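Inside the fold
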Amino acid sequence: MGMWFYQEVILQPTEDIAISFLWAKVYRQIHLALVNSKDAQGVIRCGVAFPEYSDVQPTLGRTLRLLAPEESDLQRLNLADALTRFAPDYVKITTVRQVPIRKCKGYVTYSRYQPEATVMQKARRYAKRHGISIDMAKTLFPTAVRKTRYPYIQLESMTNHHRFSLFIQKQEAVEHPCEGFSAYGFSRRSSVPDF
């Protein structure tokens, strides 16, 4: 197993401030910090994990874990600065630590789940295979029939201020060299240690 480092942000909801509200506010700042943390090649080298994640009773829990192959990647993220408005009252930020190899259960990926996107993929494949138009194929795959059971964070787009749900899917994965992460800290390929 390669060496990894991590830092945690623990949300502390109060009687007046719900956890969902805190997730929205904190994740917006994390998103900005990730965008600003790109390396010289323009790659975001920090990924996110949710140690209390469950899709049975959809929840993210209260802990956000940021992981990176190098300690300097997390230092560049500068969480203390990014979350200065919320600490120490609403979030607790731990120091950067080495991932405990003995506690590691394996590797996982966290990715954004978009019900519409999966319908589009199916429709495209079907249209190609059966030689029909994509629009026609789309009618064969009704969107979001199954109620999405993934936990999510309610965010607001910074460009057009539309509110949207960022559904988060966790999947078992194999150890994979870090190829970078999205502006939300996700990746379908770059896996992170699960502990």
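We now turn to the structure provided with this report. (Residues numbered from 1 in each chain as written. Predicted model: local features only at pLDDT ≥ 70, side-chain atom pairs only at ≥ 80, totals over all residues. Heavy atoms only, no water.)

Turning to the pairing of strand 6 (residues 106-113), a few remarks are in order. Where burial is concerned, most of strand 6 is hidden: six out of the eight residues are buried. For strand 6 and strand 9 (residues 192-194), the ladder comprises three bridges, and the chain directions are antiparallel. Of the residues in strand 9, the one forming a bridge with glycine 106 is aspartate 194. Across seven bridges, the pairing between strand 6 and strand 8 (residues 163-173) is antiparallel. By the bridge assignment for strand 8, arginine 112 is matched with isoleucine 168. (Buried < 20%, exposed > 50% of the residue type's maximum accessible area, 1.4 Å probe, protein only. Helix = DSSP H or I, 4+ residues; strand = E, 2+ residues; numbered from the N terminus. Pairing = 2+ DSSP bridges.)

Below, the discussion takes up the nonpolar core. The biggest cluster of nonpolar side chains holds 49 residues, and the ones touching the most others in it are Val9, Tyr27, Phe50, Leu64, Leu66, Tyr110 and Phe186. With seven residues, helix 1 (residues 19-36) is the single largest residue contributor to this core. (Core = buried A, V, L, I, M, F, W, Y, C linked by side-chain atoms within 4.5 Å.)

Let us look at a positive patch on the surface. A surface patch of positive charge is lined by Lys25, Arg28, Arg85 and Arg163. With respect to the helices, strands and loops of the structure, arginine 85 is situated in the loop between helix 3 (79-82) and strand 4 (91-93). (Patch = residues over 30% accessible without salt bridge, like charges linked within 9 Å, V, L, I, M, F, W, Y side chains within 5 Å. Areas by Shrake-Rupley, 256 points an atom, 1.4 Å probe, with all protein chains shown as cover. Salt bridge = Lys/Arg side-chain N within 4 Å of Asp/Glu carboxyl O. Lys, Arg positive; Asp, Glu negative; His and termini not counted. Charge placed at Lys NZ, Arg CZ, Asp CG, Glu CD.)

In this section: the pattern of salt bridges. Pairs can form between side chains of opposite charge whenever their charged atoms are close. Scanning the entire structure with this criterion turns up five salt bridges. The shortest N-O distance in the salt bridge between arginine 76 and aspartate 73 comes to 3.3 Å. A residue pair is termed a helical-turn pair when its members lie 3 or 4 positions apart in one helix, as arginine 76 and aspartate 73 do in helix 2 (residues 71-77) at three residues. Take arginine 76: its relative accessible area is 37%, and that puts it in the partly exposed class. With its nearest N and O atoms 3.3 Å apart, the salt bridge here joins arginine 189 to glutamate 179. Highlighted residues: arginine 189 in the loop between strand 8 and strand 9 and glutamate 179 in the loop between strand 8 and strand 9, separated in sequence by 10 residues. Through salt bridges with shared partners, one network takes in Arg45, Asp73 and Arg76.

Looking now at the sheet that holds strand 7 (residues 152-156). Read across the sheet, four strands follow the order 7-8-6-9 without closing on themselves; strand pairing throughout is antiparallel. Each of the sheet's edge strands pairs with one partner strand only, and the pair in question is strand 7 and strand 9. Sheet twist, expressed as the average angle between the axes of neighbouring strands with direction ignored, equals 40 degrees. The strands touched by helix 1 are strand 7 and strand 8; relative to strand 7, the strand with the most contacts, the crossing angle is about 65 degrees. (Axes fitted to C-alpha atoms, helices over the stretch in contact; angles between N-to-C directions. Contact = heavy atoms within 4.5 Å.)

All right, on to the packing of aromatic side chains then. Two aromatic rings, taken as a pair, are described by how far apart their centres are and by the angle between their planes. Per the counting criterion, the structure on display carries eight aromatic pairs. Between tyrosine 6 and phenylalanine 195, the ring centres sit 4.9 Å apart and the planes meet at 75 degrees, which makes this aromatic pair edge-to-face. Taken as a pair, tyrosine 6 in strand 1 (residues 5-11) and phenylalanine 195 in the segment after strand 9 lie far apart in primary sequence, 189 residues in all. Note on accessibility: tyrosine 6 and phenylalanine 195 belong to one class, buried. Put simply, the rings of Trp23, Tyr27, Phe50, Tyr53 and Tyr110 pair up and form one aromatic cluster. (Phe/Tyr/Trp six-rings, centres within 6.5 Å; stacked < 30°, edge-to-face > 60°.)

With that settled, the discussion passes to the pairing of strand 3 (residues 63-68). Counting buried residues along strand 3, six of its six residues qualify, which places the element largely inside the surrounding structure. Neither face of strand 3 is left uncovered, since the one carrying Thr63, Arg65 and Leu67 and the one carrying Leu64, Leu66 and Ala68 both have all their residues buried. With three bridges joining them, strand 2 (residues 47-49) and strand 3 adopt antiparallel strand pairing. Within strand 3, the residue paired with alanine 49 across the bridge is arginine 65.

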